[in-house]
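Each chain is listed here by its residues.
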Amino acid sequence: MYDIIHTDVLCIGAGLAGERVAIEAAEAGFRAICLSIVPARRSHSAAAQGGMQAALGNCAMGEGDCPDVHFADTVKGSDWGCDQEVARLFCETAPIVMRELAYWGVPWNRIVAGKDDYFQGGKKFSKTEKRENAGLITARNFGGTAKWRTCYTSDGTGHAVLFTMDNRAMHKGVEVHDRTEAIALIHDGERCKGAIVRCLRTGKLLVYLAKATVIAAGGFGRIYRESTNAVICEGGGQSIALDTGLVPLGNMEAVQFHPTGVVPSNILVTEGCRGDGGTLLDRNMERFMPAYEPAKAELASRDVVSRRMTEHMRKGLGVPSDYGDHLWLDIRHLGEHHISTKLREVQEICNNFLGVDPITQPIPVRPTQHYSMGGIRTDKDGAAYGLSGLFAAGEAACWDMHGFNRLGGNSLSETVVAGKIVGGKVVEFLRGGNADYAFSMAEAEGFLATQQARIDQLVKGGGRENIYELRRMMQDTMMEGVGIFRNEEGLSNAVKKLQEIHARTANIGLRSDGIGANDELRLALNLPGMVRLALCVAYGALERRESRGSHAREDYPARNDRDWLVRTLATWKSDSALPTLDYEAASRVFEIPPGDRGYGGGKIISADDKETQHA
Ligand SMILES: Cc1cc2nc3c(=O)[nH]c(=O)nc-3n(C[C@H](O)[C@H](O)[C@H](O)COP(=O)(O)OP(=O)(O)OC[C@H]3O[C@@H](n4cnc5c(N)ncnc54)[C@H](O)[C@@H]3O)c2cc1C
């Protein structure tokens, strides 16, 4: 026996994106349910520290900012890989959601009138905030931006915004079913009809039937060994979409490494550290970024800073440690008051996990996997390709305002902006006559039976492979072959290795025997899908023979707008050993034609065939 739950909207995920979509649907009078592996407030959005970008133009250093400037920063940041219509929609809507969040209760840091010191590249400057702007939402500096536009609540932004969002969701009657995990989508080949879900408390399978299904299940960082992502960021949302064989994943090879994961625990310290004036130092305690990036130094975009740090360590200038080489992040000059107020979480992380006091000591850091630009490919309404009634939003999606590198602060904003826009489109979809569709129980039972058979096979099948060993092999392979710098040989080897690991996942055996609250079984159900995602990343990276944003090919160092101004679409046909790759134009409309980013250097092969060196 199994339970069947009917709803209008099923959001797989109760992070910022999922809850924001659900609020929009609930406000329009629809029943909205969010599923979550953990209680909603423990979703990964809560870990975001630094802030959210929106062109408010309130503070002195943001004066003159507007969505046009934000748009230009976002497109350059993406290395022209983004869908410019989506980036435009995003930049125009971000200021609206920021004010909406303030109205809902987010305690944004505000402008204090008068003269004030700030640091840029270790040097002190002063600025004056106007009296008439006192009390307006303020902003801090972040990488890759022409103006200060990252709105924040000290360095606990995600926490404050998620708690506020969850309050609002409760107030609007959104139901959150936590400790539940979607393990397959229900569909008839054309229309998505909900999901097969596993209750993580009892181990029982549940059938959720929905008129519209939204995947907002976050990123897939855990396919890498060194990641700032929470342990639940295993890409469950992308996996169940890929498993339909119909829904493509976009630009899976676009994986961001953040410059400042702490060593050795890989916890993130926010970009706000560099934005507020922190510097990067090498083993000689020398600041090296200005030599590589004269214009932006530590505040170039993340892909660029991560590459420069890696280059510098390759020259032997990293600090040797038991956990490999690292560099230093120095925020000592910001002073005790600044650190213990605006960077308080950073201080606690350093104290609690490293035994380092950032007021008096530098922080050991190195680039660490951080963000998944790739995900479920959608159109600008958030509707997934390949199945009607299926939508995606947030980090799980490739809506595609990030292209090959997302700017710091643009992701939290995306969750809320996309949540609002996609939520509106879901409501239109339901009101537009799409709510009625033929539903056959036999269809749902087919999917249910397949999932039950997988569980029975794992529990009783006598397989020999150890999931933890296979997971570690996958994670090591990704770190070694599909990291910051990539090449043909490393990627080919990674693809081969991942194919072997994938074949071995068919023979997984459990060491435990319970089917209830069993985490080994949970991982065993997810691991084959994680390896398929890893293959989409590695194979997509192998086939993309150019360098763009975070995808740096040592053997193809130029950005190639002639041949590769495209988005990779990966689908997985059943029983395949590899994804099928197709390509579409990166953007239907180029409001800003491809050009120089103004940082990062390197060559560009332009559409008219000329190879040029840019600054
Ligand atoms: C350490 C860290 C700091 C960051 N700081 C910033 C920042 O300062 N500014 C910024 O813009 N961005 C930041 N980011 C990125 C940003 O926080 C995330 O991209 C964003 O919060 C993702 O939100 P989301 O709603 O898409 O997913 P999440 O918040 O990850 O939520 C995913 C939800 O899906 C659920 N779920 C997952 N799989 C399943 C499944 N199979 N079935 C059911 N439920 C499922 C989870 O339980 C969860 O509720 C940071 C990221 C990290 C890792």
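Thresholds, definitions, all that
Residues numbered from 1 in each chain as written. Predicted model: local features only at pLDDT ≥ 70, side-chain atom pairs only at ≥ 80, totals over all residues. Heavy atoms only, no water. UniProt positions renumbered as here; feature names shortened; annotations may be inferred. Axes fitted to C-alpha atoms, helices over the stretch in contact; angles between N-to-C directions. Helix = DSSP H or I, 4+ residues; strand = E, 2+ residues; numbered from the N terminus. Parallel < 35°, antiparallel > 145°, perpendicular 65-115°, else oblique. Left-handed = near helix turned anticlockwise from the far one by under 90°. Contact = heavy atoms within 4.5 Å. Phe/Tyr/Trp six-rings, centres within 6.5 Å; stacked < 30°, edge-to-face > 60°. Buried < 20%, exposed > 50% of the residue type's maximum accessible area, 1.4 Å probe, protein only. Lys NZ or Arg CZ within 6 Å of the ring centre and 35° of its normal. Near = heavy atom within 4 Å. Polar contact = N/O pair within 3.5 Å; in protein donor to acceptor, adjacent residues only side chain to side chain. Areas by Shrake-Rupley, 256 points an atom, 1.4 Å probe, with all protein chains shown as cover. Nonpolar A, V, L, I, M, F, W, Y, C, P; charged D, E, K, R; others polar. Lys, Arg positive; Asp, Glu negative; His and termini not counted. Salt bridge = Lys/Arg side-chain N within 4 Å of Asp/Glu carboxyl O. Domains from an automatic or database assignment. Buried area = accessible area lost by both parts, 1.4 Å probe. Pairing = 2+ DSSP bridges.

In the annotation of an unreviewed UniProt entry, the entry for the protein reads succinate dehydrogenase, and the organism field reads Desulfobaculum xiamenense. The record in UniProt for the protein states the following under Catalytic activity (unreviewed entry): "a quinone + succinate = fumarate + a quinol". Regarding the protein, the UniProt comment filed under Sequence similarities (unreviewed entry) reads as follows: "Belongs to the FAD-dependent oxidoreductase 2 family. FRD/SDH subfamily."

Draft legend 1. View of the packing of helix α12 (residues 441-460) against helix α15 (residues 519-543). Running from N to C, α12 and α15 cross one another at 120 degrees; their axes reach a closest spacing of 11 Å. Classified by the angle their axes make, α12 and α15 are oblique. The handedness of the crossing between α12 and α15 is right-handed. Here Arg454, Ile455, Leu458 and Val459 of α12 lie close against α15, whose contacting residues are Leu521, Ala524, Leu525 and Pro528.

Draft legend 2. Highlighting the packing of aromatic side chains. Scanning the model with the defined rule gives six aromatic pairs in all. Plain terms: the ring middles of Tyr118 and Phe125 are 5.6 Å apart, the flat faces sit at 25 degrees to each other, and that makes the pair stacked. Relative accessible area serves as the criterion here: at 13%, Tyr118 is assigned to the buried category. Taking 5.2 Å as the distance between ring centres and 90 degrees as the angle between the ring planes, the aromatic pair formed by Tyr118 and Trp148 counts as edge-to-face. Of this pair, Tyr118 sits in strand β4 (residues 114-120) while Trp148 sits in the loop between β5 (123-129) and β6 (150-151), and the two are 30 residues apart along the sequence. The exposure classification of Tyr118 matches that of Trp148, with both residues buried. The structure contains a cluster of three or more aromatic residues connected by ring pairs, namely Tyr118, Phe125 and Trp148. Above the face of the Phe163 ring, Arg41 is positioned so that its terminal group lies 4.6 Å from the ring centre.

Draft legend 3. Spatial organisation of the site of the ligand. Taken together, 38 residues lie around the ligand, and Ser43, His44, Ser45, Glu395 and Ser411 are the ones closest in. Residue Gly51 places a main-chain N or O atom 2.8 Å away from a nitrogen atom belonging to the ligand. Take Arg406: an N or O atom from its side chain is 3.4 Å from a nitrogen atom of the ligand. Isolated, the ligand exposes 1,000 Å² of accessible area, and the fraction of that covered by the protein chains is 98%. Those elements that place two or more of their residues in the shell around the ligand are α1 (16-27), β2 (32-36), β8 (180-187), β15 (363-372) and α11 (410-434). Of the residues in the shell around the ligand, the class split is 16 nonpolar, 19 polar and three charged.

Draft legend 4. Main features of the side chain of Arg366. Here Arg366 shows up in strand β15. Among buried Asp, Glu, Lys and Arg side chains, Arg366 stands out as unpaired, with Glu226 the closest opposite charge at 4.2 Å. A polar atom in the side chain of Arg366 sits 3.0 Å from the backbone oxygen of Asp325. Among residues more than four places away in sequence, those in contact with Arg366 are Glu226, His258, Pro259, Thr260, Gly261, Val263, Met309, Met313, Tyr323, Gly324, Asp325 and His326.

Draft legend 5. Just the domain arrangement of the protein, in detail. Structurally, the protein comprises domain 1 (255-370) and domain 2 (445-585). Placing a centre on the C-alpha atoms of domain 1 and another on those of domain 2 gives a separation of 30 Å. Taken residue by residue, the interface counts 10 residues in domain 1 and nine residues in domain 2. The junction of domain 1 with domain 2 conceals about 840 Å² of combined surface from both sides, 68% of it contributed by carbon and sulfur atoms. Contact with domain 2 buries surface across domain 1, with Val255, Phe257 and Arg307 losing the most and accounting together for 59% of the total. Linking domain 1 to domain 2 there are one salt bridge. We note a salt bridge from Glu554 to Arg314, for which the minimum N-O separation is 2.9 Å. Applying the counting rule to domain 1 against domain 2 returns three residue pairs in polar contact (both at pLDDT 80 or more). Going through the elements one at a time, β12 (255-262) and α8 (302-317) are the ones with two or more residues in the side of domain 1 that touches domain 2. Counting residues per element, the side of domain 1 that touches domain 2 draws most heavily on α8, at six residues. Partitioned by chemical class, the residues of the side of domain 1 that touches domain 2 number three nonpolar, three polar and four charged.

Draft legend 6. Structural context of the sheet that holds strand β18 (residues 397-398). Overall, mixed pairing links the five strands, which are arranged β18-β16-β11-β22-β23 in an open sheet. The open sheet has two edge strands, β18 and β23 (580-585), and neither has a second partner. Inspection of the sheet shows strand β11 (residues 249-250) paired to strand β22 (residues 566-571) by two bridges, in the antiparallel sense. Within β22, the position partnered with Leu249 by the bridge is Ala570. In the packing of α15 onto the sheet, contacts are made with β11, β22 and β23, and the angle to β23 comes to roughly 60 degrees.

Draft legend 7. Structural view of the UniProt feature "active site" (unreviewed entry) in the protein. Residues annotated in UniProt with the feature "active site" (unreviewed entry) correspond here to Arg302. Within the secondary structure layout, Arg302 lies in helix α8. In this structure Arg302 touches Phe142, Gln256, Phe257, His258, Pro259, Glu271, His370, Asn405, Arg406, Gly408 and Gly409, once residues within four positions along its chain are discounted. Side chain to side chain, Arg302 and Gln256 meet in a polar contact 3.0 Å long.

Draft legend 8. Molecular detail of the pairing of strand β10 (residues 205-215). Extensive coverage of β10 is indicated by the burial of 10 of its 11 residues. As paired strands, strand β1 (residues 3-12) and β10 are joined by nine bridges and run parallel to one another. Its bridge partner lying in β10, Cys11 is registered against Val214. Where strand β9 (residues 192-199) lies against β10, five bridges are found, and the strand directions are antiparallel. Of the residues in β10, the one forming a bridge with Gly194 is Leu209.

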